[in-house]
Every structure is written in C-alpha cells, then in structure tokens.
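Structural overview
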Amino acid sequence: QVELVESGGGLVQPGGSLRLSCVASGPNFSHYVMGWYRQGPGKERELVAHITSGGSANYGDSVRGRFTIARDNAKNTVHMQMNSLKPEDTAVYFCKVYHLLGAPAYWGQGTQVTVSS
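As a starting point, this report considers the structure included with it. (Residues numbered from 1 in each chain as written. Predicted model: local features only at pLDDT ≥ 70, side-chain atom pairs only at ≥ 80, totals over all residues. Heavy atoms only, no water.)

Examining the environment of Leu20
The cut-off we apply is this: Think of it this way: any DSSP run of H or I at least four residues long counts as a helix, any run of E at least two long counts as a strand, and we number them from the N terminus. The contact definition used throughout considers only heavy atoms, calling two residues in contact when any of these lie within 4.5 Å.
Positionally, Leu20 belongs in strand S3 (residues 18-25). In this structure the C-alpha to C-alpha distance between Leu20 and Gln81, which are 61 residues apart in sequence, comes to 6.5 Å. Those residues within four positions of Leu20 in sequence are excluded, and the remaining contacts are Ser7, Gly8, Gly9, Trp36, Val78, His79, Met80, Met82, Tyr93, Thr111 and Val113.

Right, dumping it as structure tokens:
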C-alpha cells in the first residue's frame, strides 16, 4: 500500500515563499519519479516539476527559475521550494509518484496554495 502525505501549503502574499513536502511510504521508490502537479480554479491539472532518483529535474515553463525541486531518496521525500510566488500560482498542489515506465502512479490528496494580498 502506497501512501503520500503532503504538507506546507497555505496563504502567502505575492512575492512570498512556501515550501511543499511530500513523504511517500511503500515499496522501494528508486525507479520512481517524484513530483508536483497543480490545478488552479477552472484549469486543467498541469506539471509543476518532477525529479528522478538520480536528481534529474524538469520544470513547467511558468515556474522555471522560481521553484526548486529536491529529493531525499533515503527518506522517500520530495520537497519543492517556491519563491517569488504570484497570484496565478494559486492552486491545489498534488504530489505524484510514478514508475519510470509510467505506471503504477500514485497521487497525494492535495494541498492548497493561495497567493493573495
């Protein structure tokens, strides 16, 4: 049984920072990609960033240069530091863990990030 527990969401003013964390419990995740997706109001779910166990990271165009994803393989944890937050970053952020081949894939329950003055 795989469980993903997210933390770190909240309300922040524009220009502020937040750090999201996701802890995965279950099998060996060495062949799994860990990452974050988000879904804003009235929008489709989109990739924010993901990272392999080897540390290769990929970012969505809208967050590149502002967000940084990191992974602790020993703790099955992925973190994402979000800086220079904008109102358009407001969304529910979901942790996703999936095998390099695409399946199986697991989702967290989501954590709300609101950027507003």
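Here's the deal with the state of the cysteines
As a reminder of what qualifies: A pair of cysteine sulfur atoms is labelled a disulfide when the two atoms are within 2.5 Å. To sort residues, take the accessible area from a 1.4 Å probe on protein chains only and compare it with the maximum for the residue type: under 20% means buried, over 50% means exposed, and anything in between is partly exposed.
Scanning all chains against the criterion turns up one disulfide. Each sulfur in the disulfide pair Cys22 and Cys95 lies 2.1 Å from the other. Measuring handedness by torsion sign, the sulfur bridge of Cys22 and Cys95 sits at about -80 degrees and is left-handed. Highlighted residues: Cys22 in strand S3 and Cys95 in strand S9 (residues 91-99), separated in sequence by 73 residues. In terms of burial, Cys22 and Cys95 fall into one category: buried.

Some words on the pattern of salt bridges
Put simply, the test is: Each salt bridge in this description consists of a side-chain nitrogen of Lys or Arg and a carboxyl oxygen of Asp or Glu lying within 4 Å of one another.
Counted under the stated rule, the structure contains four salt bridges. Linking Arg66 and Asp89 is a salt bridge whose minimum nitrogen-to-oxygen distance equals 2.8 Å. Here Arg66, found in the loop between strand S6 (57-59) and strand S7 (67-72), pairs with Asp89, found in the loop between strand S8 (77-82) and S9; they are 23 residues apart in sequence, far enough to count as distant. With respect to class, Arg66 is no different from Asp89; both count as buried. Salt bridges here are not isolated pairs; linked through shared partners, they connect Arg38, Glu46, Arg66 and Asp89.

Side note on the environment of Gly16
Mapped onto the elements of the fold, Gly16 is located in the loop between strand S2 (10-12) and S3. Sequence separation between Gly16 and Leu85 is 69 residues; the distance between their C-alpha atoms is 5.5 Å. The residues touching Gly16, leaving out its near neighbours within four places in the chain, are Met82, Asn83, Ser84 and Leu85.

Looking at the nonpolar core
The following threshold applies: We define a nonpolar core as any set of buried Ala, Val, Leu, Ile, Met, Phe, Trp, Tyr and Cys residues linked to one another through side-chain atoms lying within 4.5 Å.
Residues Trp36, Phe67, Val78, Met80, Met82, Tyr93 and Val97 are the most contacted members of the largest nonpolar core, which totals 28 residues. Here Phe67 is in contact with Arg38, Val48, Tyr59, Met80, Gln81, Met82, Asn83, Leu85, Asp89 and Tyr93, once residues within four sequence places are set aside.

Let's talk about unusual backbone geometry
In this structure, Pro104 follows Ala103 across a cis peptide bond, with omega equal to 5 degrees. Considering the arrangement of structural elements, one finds Pro104 in the loop between S9 and strand S10 (105-107). The phi dihedral of Ser84 falls on the positive side, at around 50 degrees, and the residue is not glycine. When you line up the elements, Ser84 lands in the loop between S8 and S9. Overall, the relative accessible area of 41% leaves Ser84 in the partly exposed class.

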